[in-house]
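# Residue-level structural notes
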Amino acid sequence: MDVTAPPRSDPFDEFLATERLRSLRQMAMLRLAGALGVSVLSLGFTTATPRFIGPPTRLMAPYAVFAAVAWVLRRRWSYATWIDGLALPLVDVPFVFALFLGSMQRLHAAGELQRADAIKLPFAAFVFFALFVLFAALSLVRWQVIVTALAALAFQSTLVFLEQPGERYLLLQGAVSLAIATALGLYSCERTLRLMRGFADEQLRKERLSRYFSPQIAAHLDRTGGDLGSGESCEVTMMFIDLRGFTELADGMESRAVVRLLNDFHSRMVDCLFTFGGTLDKYLGDGLMAYFGAPLAQPDHAERAVRCALAMQAALGGMNGERTGPPLAMGIGIHTGWVVIGDIGAPQRREFTAIGDSVNVAARIEQLTKTYGVPVLVSADTRLRISSPEFEFEARDPVSVKGKREPLQTYTPRLVAA
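Residues numbered from 1 in each chain as written. Predicted model: local features only at pLDDT ≥ 70, side-chain atom pairs only at ≥ 80, totals over all residues. Heavy atoms only, no water.

Omega for the peptide link from Ala 294 to Pro 295 comes to 5°, which places this bond in the cis form. For Leu 140, which is not glycine, the phi dihedral falls at a positive 60°. One can find Leu 140 in the loop between helix H4 (115-136) and helix H5 (142-163). (Helix = DSSP H or I, 4+ residues; strand = E, 2+ residues; numbered from the N terminus.)

Spelled out as structure tokens, the structure:
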């Protein structure tokens, strides 16, 4: 069974959306902290203010408002991640460009631009641009990293051409720093996505194991990494369960009451099934299909199935005692034989299921419970594999069924009182 195959609703998408939201909230917080920090420096509230810091209010105020609004919106609403991705190349990168360009122009105008400043200022801008590329990786969207890197390259090249056209090595220095930041950002995206996919697949694997198998079998398959997706032929004991007259009963009930009743019924039956180590194949509306003896071999799978069927009838009796209205009745058909078990279906939707003639025989035996008016019927093949003295089997008249040359012999099992 390929328990890592994605179902119609992939939990990876949920994990990814949650992680992106958390990362983008961190990005909004860092943007706000940076805007407040630059605002403090620009107002001269600290004696450590570098000479090249000090953007005018007409530049700083709108950016600070944008950072505050973005932070508030991200904390309260989960809007599209691409908005934050475009904010970096369209707002943050241009703001840093304007900040450093304005600082260099003011120093030029004041005649204070020294050789050291001509090198330090572009280099400091390169560091900011590279950080924005790394911040874009928090979105876990590759194109946002690439778009931010291209915007940063364009603005930092413009900064060098406008203020230091003769310093061509600065262009190479800036391009190399952005290339490194882009590579790190893309690597971070890929690694995080890969780790999240692995985690989602593991969660999905455990979810599917718990859906199909009893806790003991699921734990064993989880430890051993069992993979049954390619299919296998094995001998199992099939079981079909069907509620009697449920369609007529449901016609007089509200839809919600019908769903609650079926959920309660299925829950009790599956509890019994897993208690005896059975495997749930599928729900069949007001019934279900199950088997014993796979995916782990169970030498006593026939006896397990019969014990489970009798326990299910007892559980249904308890359910009837707790509810009002007409009592529910069900028929259970059991047959032992060879089947093929595997993950079967289209790539978009697969089911771990059993196929083969033994499945059809078990289904027909379940229908015979109506004919004989008994709650449980087992085939002769199942009867022959049970040697425990705790059971008695009452033979029923052989009956011809579709697809079988010989009449089908069935038995009604019961536990012998101690």
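Let's shift gears to the nonpolar core. Among the nonpolar cores identified, the biggest contains 38 residues, and Met 239, Met 312, Met 330, Ile 332 and Ile 334 are the most heavily contacted of them. Within the residue set of this core, elements represented by two or more residues are strand S1 (232-244), helix H8 (246-251), helix H9 (255-275), strand S3 (287-292), helix H10 (301-322), strand S4 (329-346), strand S6 (376-379) and strand S7 (391-395). Excluding its chain neighbours within four sequence positions, the residues that come into contact with Met 312 are Met 239, Ile 241, Met 269, Cys 272, Leu 273, Met 330 and Ile 332. Grouped together as the second largest cluster of nonpolar side chains are 30 residues, Leu 99, Leu 101, Ala 136 and Ala 137 included. (Core = buried A, V, L, I, M, F, W, Y, C linked by side-chain atoms within 4.5 Å. Buried < 20%, exposed > 50% of the residue type's maximum accessible area, 1.4 Å probe, protein only. Contact = heavy atoms within 4.5 Å.)

Moving on, we come to the packing of aromatic side chains. Applying the stated rule across the entire model yields five aromatic pairs. Centroid distance Tyr 63 to Phe 95: 3.9 Å. Interplanar angle 0°. Geometry classified as stacked. Placement of the pair is Tyr 63 in helix H2 (residues 57-76) and Phe 95 in helix H3 (residues 81-109), with a sequence separation of 32 residues. Its relative accessible area of 8% is what places Tyr 63 among the buried residues. (Phe/Tyr/Trp six-rings, centres within 6.5 Å; stacked < 30°, edge-to-face > 60°.)

Here we take up the packing of H9 against H10. Packing of H9 against H10 leaves a shortest axis separation of 9 Å and a crossing angle of 145°. Crossing handedness for the pair H9 and H10: right-handed. From H9, Leu 261, Asp 264, Phe 265, Arg 268, Met 269, Cys 272 and Leu 273 reach across to H10, where they touch Cys 308, Ala 311, Met 312, Ala 315, Leu 316, Gly 318, Met 319 and Glu 322. Considered class by class, the residues forming the contact of H9 with H10 number 11 nonpolar, one polar and three charged. (Axes fitted to C-alpha atoms, helices over the stretch in contact; angles between N-to-C directions. Left-handed = near helix turned anticlockwise from the far one by under 90°. Nonpolar A, V, L, I, M, F, W, Y, C, P; charged D, E, K, R; others polar.)

This part covers H10. Taking 1.5 Å per residue as the helical rise, H10 with its 22 residues ought to reach 32 Å, and the 31 Å between its terminal C-alpha atoms agrees with that figure. Listed as buried for H10 are His 301, Ala 302, Ala 305, Val 306, Cys 308, Ala 309, Met 312, Gln 313, Ala 315, Leu 316, Met 319 and Asn 320. (Expected span 1.5 Å × (residues − 1).)

Along the polypeptide, Arg 323 turns up in the loop between H10 and S4. Put simply, Arg 323 and Leu 261 are 62 residues apart on the chain and 9.6 Å apart in space, counted from C-alpha to C-alpha. Discounting chain neighbours no more than four positions away, the residues touching Arg 323 are Leu 261 and Leu 328.

Over its 16 residues, helix H11 (residues 357-372) extends 23 Å from the first C-alpha to the last, a length consistent with the 22 Å expected when each residue adds 1.5 Å. Listing the buried residues of H11 in full gives Ser 358, Val 359, Val 361, Ala 362, Ile 365, Glu 366, Leu 368 and Thr 369. Phi for Gly 373, located one or two positions after H11, is positive at around 65°.

The tally for this structure, following the rule as stated, stands at 12 salt bridges. Between Arg 304 and Asp 300 there is a salt bridge whose closest N-O contact spans 2.9 Å. In this structure Arg 304 comes out as partly exposed when scored by relative accessible area, which is 27%. Exposure remark for Asp 300: the relative accessible area of 34% places this residue in the partly exposed category. The partner of Arg 414 in a salt bridge is Glu 392, and the shortest N-O contact between them spans 2.3 Å. In this pair, Arg 414 is assigned in strand S8 (residues 410-415) and Glu 392 in strand S7, connecting sequence segments 22 residues apart. The partly exposed category is assigned to Arg 414, whose relative accessible area is 48%. (Salt bridge = Lys/Arg side-chain N within 4 Å of Asp/Glu carboxyl O.)

Interpretation in functional terms is not warranted from these geometric data alone.
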